[in-house]
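# Structural overview
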Amino acid sequence: MLKKNRIKSEKNSFFNCIERNFDKATKFLSIEKGLLEQIKACNAVYRMHFPVKLGKEIKVIEAYRVQHSHHKLPCKGGIRYSIKVNQDEVMTLAALMTYKCAIVDVPFGGAKGGIKIDPQTISTEAIEKITRRYTSELIKKNFIGPGIDVPAPDYGTGEREMSWIFDTFLSIRPEDVDALACVTGKPVSQGGVRGRKEATGLGVFYGIRELCKMKEDMLSVGLDIGLIGKKIIIQGLGNVGYYAASFFHNAGAIIVALAEREGAIYNKKGLNVSKVILHLKNTGSILNFPEAINIENTEKALELECDILIPAALENVINKKNAEKIKAKIIGEAANGPITPEADEILEKKGVIIIPDIYLNAGGVTVSYFEWLKNLSHVRHGRMEKRFSENMNSELLQIIETVCKKKISPEDKRTILRGPREIDLVRSGLEDTMISGFHKIRDIKISSKIKNMRTAAFVLAINKIVDSYEKLGIFP
Ligand code: NAD
């Protein structure tokens, strides 16, 4: 009886869901079982409890840092602040990071952190105290450092928390010349990179845009190619969801519904994302937006008519209870683990194309990699080549004008002459990463006759990780 219960709870765990996806992929590979077990296992789990004095009370805070894989160092992964944080969740998110980094070719092992607090119900001072204490706990156990483990933002955290982490690290390790690289997602004024804030949402945009260019794939779900006019629903208007919504809106897609904690709003003709954000800032809620109707039960928004559904809030929001009712033809997993394996099977039978989280939301870690490189090289991206490119372009233009005996307009000149700024380089690196990642997954899917993109993405990730284990010579 005891064993049966244990197996049942394991089957339902979030970590087990990822293992099931991993196992599906291994059927397309011939890799030694022991090595696969090593890749799946979490290398280190640090669970901590520490006291923090909040007002007159002492509160015991539960927190985690999980390093899923040490096959490449440093480990890398965000820190989540949520009352739902637990060991299983942090382990799963850390594992997803390992596969994500492998897919987009960034040289990190996966990690994740979590603090079990609700940042919406405690003061800024309390969040700062908890963040700083958490950082010093990580330092004590050697769980943070530019070459060891590099956190980043995730659900409930952002630039502000990352700068507190950096400041705490620097105050304890002032001699570390690379201290800036101990955390990414920092504000630009504190060593952050331009383009990090919107990177995950922009990566989601690039990934879905690439799928929408594929004639065969679009035909299989009865859609035309391109983004213009595509009806989109987004759940979660936080860092990832907000930027994704803005990029799709600007590209001519129609955002028919946006869902938040308190409810959702719908307009079949499309919502103006900036106006919704202004309304949210002014009223504290997306509800009662003048150009939309309210949907009180926010989960129902996922079931509305649309072409593309983008869950960008939390895990397991599409499950066996609502999967059958989903009408979207494409689901872009901006959040981590928004679809349970049971729902995955139902959706696959319905012919829905799912772009998996381990690829689609990797824009954040990609640009975090650029930030880490900037911090280690101690030079802004583009500083060395900007002026050189502008001078070269200028000489080229003069030659063209002489040969063609024609003057180029000052506006055109300005556009052609401009050398790359940091933001241009970051965005082009991100775009290239997302496009090439998409095609690597799609090529594997086609060549190995795999039915879905998730399994193909796992095949790509596992192959990459096995490669680096072999290069390390760990298993002679
Ligand atoms: P965030 O805290 O900035 O935003 C999350 C948003 O979801 C908030 O606006 C919140 O109010 C909303 N929300 C919460 N519960 C909801 C519900 N039941 N229905 C609708 N909305 C709800 O977090 P984020 O950084 O945007 O992360 C969102 C997801 O993307 C998470 O799964 C995270 O792990 C994943 N992710 C984030 C990054 C990143 O760079 N921030 C990178 C990769 C993956």
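Residues numbered from 1 in each chain as written. Predicted model: local features only at pLDDT ≥ 70, side-chain atom pairs only at ≥ 80, totals over all residues. Heavy atoms only, no water.

## Looking at the sheet that holds strand β9 (residues 293-295)
Definition in use: At least two bridges found by DSSP between two strands are what make those strands a pair. Only DSSP runs of H or I reaching four residues or more are called helices, and only runs of E reaching two or more are called strands; each is numbered from the N terminus. In this description, a line fitted to the C-alpha atoms serves as the axis of each element, helices being fitted only across the stretch in contact, and the angle between N-to-C directions of two axes falls anywhere from 0 to 180 degrees.
Pairing is mixed across the open sheet formed by seven strands, whose spatial order is β9-β8-β7-β6-β10-β11-β12. The open sheet is flanked by β9 and β12 (353-355), the only strands paired with a single partner. Averaged over all pairs of adjacent strands, the angle between their axes in this sheet comes to 20°, without regard to strand direction. Bridge count for strand β6 (residues 231-235) against strand β10 (residues 308-311) is four bridges, and the pairing is parallel. Along β10, the bridge assignment pairs Ile-234 with Ile-310.

## Comments concerning the packing of aromatic side chains
For clarity, the threshold we go by: Two rings belonging to Phe, Tyr or Trp (six-membered ring only in the last case) form a pair when the distance between their centres is within 6.5 Å. Interplanar angles under 30 degrees mark stacking, angles over 60 mark edge-to-face geometry, and anything in between is tilted. Summary of the burial criterion: residues with accessible area below 20% of their type's maximum are buried, those above 50% are exposed, and those between are partly exposed, where the area comes from a 1.4 Å probe applied to protein chains only.
Applying the stated criterion to the full structure yields 13 aromatic pairs. Between Phe-108 and Trp-372, the ring centres sit 5.0 Å apart and the planes meet at 80°, which makes this aromatic pair edge-to-face. Placement of the pair is Phe-108 in the loop between α4 (87-103) and β4 (109-115) and Trp-372 in helix α13 (residues 363-377), with a sequence separation of 264 residues. The burial state of Phe-108 is the same as that of Trp-372; both residues are buried. Ring centres 6.4 Å apart and planes at 55° place the aromatic pair Tyr-359 and Phe-438 in the tilted group. Taken as a pair, Tyr-359 in helix α12 (residues 357-360) and Phe-438 in helix α16 (residues 422-447) lie far apart in primary sequence, 79 residues in all. Ring pairing ties together the aromatic residues Phe-108, Tyr-369, Phe-370 and Trp-372, which thus form one cluster.

## Let's talk about the nonpolar core
The following threshold applies: What we call a nonpolar core is a set of buried Ala, Val, Leu, Ile, Met, Phe, Trp, Tyr and Cys residues that are connected through their side-chain atoms within 4.5 Å. An automatic or database domain assignment is the source of the domain bounds shown. Contacts are residue-level and defined by heavy atoms, with any inter-residue pair within 4.5 Å sufficient.
Of all hydrophobic cores here, the largest spans 99 residues; its most connected members are Tyr-99 and Phe-248. Taken domain by domain, this core gets at least three of its residues from each of domain 1 (43-190) and domain 2 (194-385 + 420-476). Apart from the residues within four sequence positions on either side, Tyr-99 is in contact with Ile-18, Phe-22, Ile-39, Lys-40, His-68, Ile-358, Phe-458, Ala-461 and Ile-465. Listed in part, the 26 residues of the second largest apolar core include Ile-61, Phe-143, Ile-144 and Trp-164.

## Observations concerning the confidence of the model for the protein
Rules: Scored between 0 and 100, pLDDT is the confidence that the predictor attaches to each residue.
Averaged over all residues, the pLDDT of the protein is 94; the fraction at 70 or higher stands at 97%. Scored below 50 in pLDDT, residues 1-10 makes one contact in the model with residues more than four places away or belonging to other chains.

## Describing the pairing of β6
The cut-off we apply is this: Every crossover in which the path from the first strand over the helix to the second runs clockwise, viewed with the strands pointing away from the viewer, is termed right-handed.
A large share of β6 lies buried, amounting to four of its five residues. Two strands pair when backbone bridges link them, and β6 and strand β7 (residues 254-260) are joined in this way by five bridges, in the parallel orientation. By the bridge assignment for β7, Ile-233 is matched with Ala-257. This β-α-β element, β6 to helix α9 (residues 239-250) to β7, shows right-handed connectivity.

## Overview of α13
Just so we agree on the cut-off: Multiplying 1.5 Å by the residue count of a helix minus one yields the expected span of that helix.
A rise of 1.5 Å per residue sets the reference length of α13, with its 15 residues, at 21 Å; its end C-alpha atoms lie 21 Å apart and thus fit the reference within 8%. Counted residue by residue, α13 has 12 buried out of 15 residues, so it is predominantly covered.

## Some remarks on the site of the ligand
Quick reminder of the rule: The criterion for a residue being near a molecule or strand is simple. One of its heavy atoms has to lie within 4 Å of it. Here a polar contact is recorded for every N or O atom pair within 3.5 Å, except that within protein the pair must consist of a potential hydrogen donor and a potential acceptor, and residues adjacent in sequence are included only if both atoms are side-chain atoms. Values of accessible area rely on a 1.4 Å probe in the Shrake-Rupley scheme; residue burial ignores everything except the protein chains shown. Each residue is assigned to one of three groups, with Ala, Val, Leu, Ile, Met, Phe, Trp, Tyr, Cys and Pro labelled nonpolar, Asp, Glu, Lys and Arg labelled charged, and all others, Gly among them, labelled polar.
Near the ligand there are 22 residues, and of these Arg-80, Asp-154, Thr-200, Glu-260 and Asn-336 occur at the shortest range. A distance of 2.8 Å separates an oxygen atom of the ligand from a polar side-chain atom of Arg-80. Backbone polar atom of Val-240 to an oxygen atom of the ligand: 2.9 Å apart, as the coordinates give it. Here the ligand has 830 Å² of accessible area as a free molecule, and 87% of this is covered by the chains. Elements with a contribution of two residues or more to the shell around the ligand: α9 and β7. Among the residues making up the shell around the ligand, the classes are represented as nine nonpolar, eight polar and five charged. The residues that make up the shell around the ligand include at least three from each of domain 1 (43-190) and domain 2 (194-385 + 420-476).

## Some remarks on the sheet that holds strand β3 (residues 75-81)
The mixed open sheet is built from five strands, whose spatial order is β1-β2-β4-β3-β5. Among the strands making up the open sheet, the edge pair consists of β1 (44-54) and β5 (149-153). Recorded for the sheet is a direction-independent mean angle of 25° between the axes of neighbouring strands. In terms of strand pairing, strand β2 (residues 57-67) meets β4 through five bridges, oriented antiparallel. The residue of β4 that forms the bridge with Val-66 is Lys-112. Where helix α5 (residues 124-140) meets the sheet, its contacts fall on β1, β2, β3 and β4, and the angle it forms with β1 comes to roughly 140°.

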